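Descriptive analysis of the structure
Here's the letter readout for the chains.
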Amino acid sequence: FRRVLFRSGIELEELKEKLRSTKLRPPHDYPTYFRIPSRICADIKQHLMDEQFKDFTVTIQGEEFKVHKFILAARSRILADMILDNPEAKTLALVDIKKEIFAEVVKFLYTDQLPDSSLNSFDLFSAACRLGLERLKVHAIQNMTANVTVDNALDMLVYAKKYGNEKLKDNAFGEIRKMFPNKELKDNLANDTAKLKEIVEAKRKMDEAIQKAKEEFESMFDDDNTE
């Protein structure tokens, strides 16, 4: 190796210096195209408010949403199939989705930004499932499971059963089980939401009756003390 270097007229130390200097170049030495950030997301987002090239209308609950057919088709396979079913159509009517939820869905399609967590997660989850928007669905599930309570667990279980989501079902059923600390609810009840609803409502009525009787009982002693 040294002979080759010698014959080529390159000293070993000089070669080491060349290797060190070319191994990692400072950022300012790289070509300009390495340092210019992509604007594709910003450019698409700009067209959310720009009406100029919008060529399609989605109608929900009597309200019209002007959009770009390409954006809908590119972001949702289900919407793409709906458009392909009637390629000459300029409008598409959607049902089972609230207009305020679809307004957030449109923002997501253009910007990929997730909606605020204050939005109704149940309605958002339903819309995401309906339109095949997996990232939006995961976001809704996270919000739903993070805020599950005894009051909304039964509704969550209904949604989980309707859309076949096991994570939602486990979280909702686990919360409902907390209502019965002295009873073991059978796993098959998670799939029988009608029966489970009867049990939950009966338990709530029983708890209310017990609480009312307790308050009446305590008030008797209060009345006795006043006399």
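The paragraphs below set out a description of the structure included in this document.

Each value, and the rule that gives it
Residues numbered from 1 in each chain as written. Predicted model: local features only at pLDDT ≥ 70, side-chain atom pairs only at ≥ 80, totals over all residues. Heavy atoms only, no water. 1 Å grid on protein atoms, 1.4 Å probe; cavity = no way out; pocket = protein on both sides within 12 Å on 5 of 7 lines; lining within 4 Å. Points joined across faces, edges and corners; volume = space filled by probe spheres on them. Helix = DSSP H or I, 4+ residues; strand = E, 2+ residues; numbered from the N terminus. Nonpolar A, V, L, I, M, F, W, Y, C, P; charged D, E, K, R; others polar. Patch = residues over 30% accessible without salt bridge, like charges linked within 9 Å, V, L, I, M, F, W, Y side chains within 5 Å. Areas by Shrake-Rupley, 256 points an atom, 1.4 Å probe, with all protein chains shown as cover. Salt bridge = Lys/Arg side-chain N within 4 Å of Asp/Glu carboxyl O. Buried < 20%, exposed > 50% of the residue type's maximum accessible area, 1.4 Å probe, protein only. Polar contact = N/O pair within 3.5 Å; in protein donor to acceptor, adjacent residues only side chain to side chain. Pairing = 2+ DSSP bridges. Axes fitted to C-alpha atoms, helices over the stretch in contact; angles between N-to-C directions. Contact = heavy atoms within 4.5 Å.

Bringing the layout of surface pockets into the picture now. The calculated volume of the largest pocket comes to roughly 160 Å³. Every residue lining the largest pocket is listed: Leu48, Met49, Glu51, Lys54, Phe65, Lys66, Ala103, Val106 and Lys107. Sorting the residues of the lining of the largest pocket by element identifies helix 3 (40-49), strand 2 (63-67) and helix 6 (99-111) as the ones contributing at least two each. Ranked by residue count, the leading element in the lining of the largest pocket is helix 6, at 3 residues. Taken together, the residues of the lining of the largest pocket break down into 5 nonpolar, no polar and 4 charged.

The grouping of Phe217, Met220 and Phe221 at the surface amounts to a nonpolar patch, some 340 Å² of accessible area in total. If you trace the backbone, Phe217 turns up in helix 11 (residues 193-226).

Moving on, we get to the pattern of salt bridges. Throughout the structure, instances matching the rule amount to 13 salt bridges. A salt bridge links Asp112 to Arg75; the nearest nitrogen and oxygen atoms lie 2.9 Å apart. Separated by 37 residues along the polypeptide, Asp112 in the loop between helix 6 and helix 7 (121-131) and Arg75 in helix 4 (residues 69-75) bring together distant segments of the chain. For Asp112, a relative accessible area of 33% translates into the label partly exposed. As a salt-bridge pair, Glu184 and Arg177 come within 3.9 Å of each other at their nearest N and O atoms. Among the residues examined, Glu184 registers a relative accessible area of 67% and is labelled exposed.

Taken across its 11 residues, helix 7 has 10 buried, putting it largely inside the fold. Those residues of helix 7 that fall on the buried side of the exposure criterion are Ser121, Phe122, Asp123, Leu124, Phe125, Ser126, Ala127, Ala128, Cys129 and Leu131. With a side-chain oxygen lying 3.0 Å from the backbone nitrogen of Phe122, the N-terminal cap of helix 7 falls on Asn120. Immediately beyond the C-terminal end of helix 7, within one or two residues, lies Gly132, with a positive phi of roughly 70°.

Spatial strand order, 2-1-3: 3 strands in an open sheet with mixed pairing. In this open sheet, the two edge strands, each paired with only one partner strand, are strand 2 and strand 3 (91-93). For this sheet the average axis-to-axis angle between neighbouring strands, irrespective of direction, equals 25°. Contacts from helix 6 reach strand 1 (56-60) and strand 2 within the one sheet, and its direction differs from that of strand 2 by about 5°.

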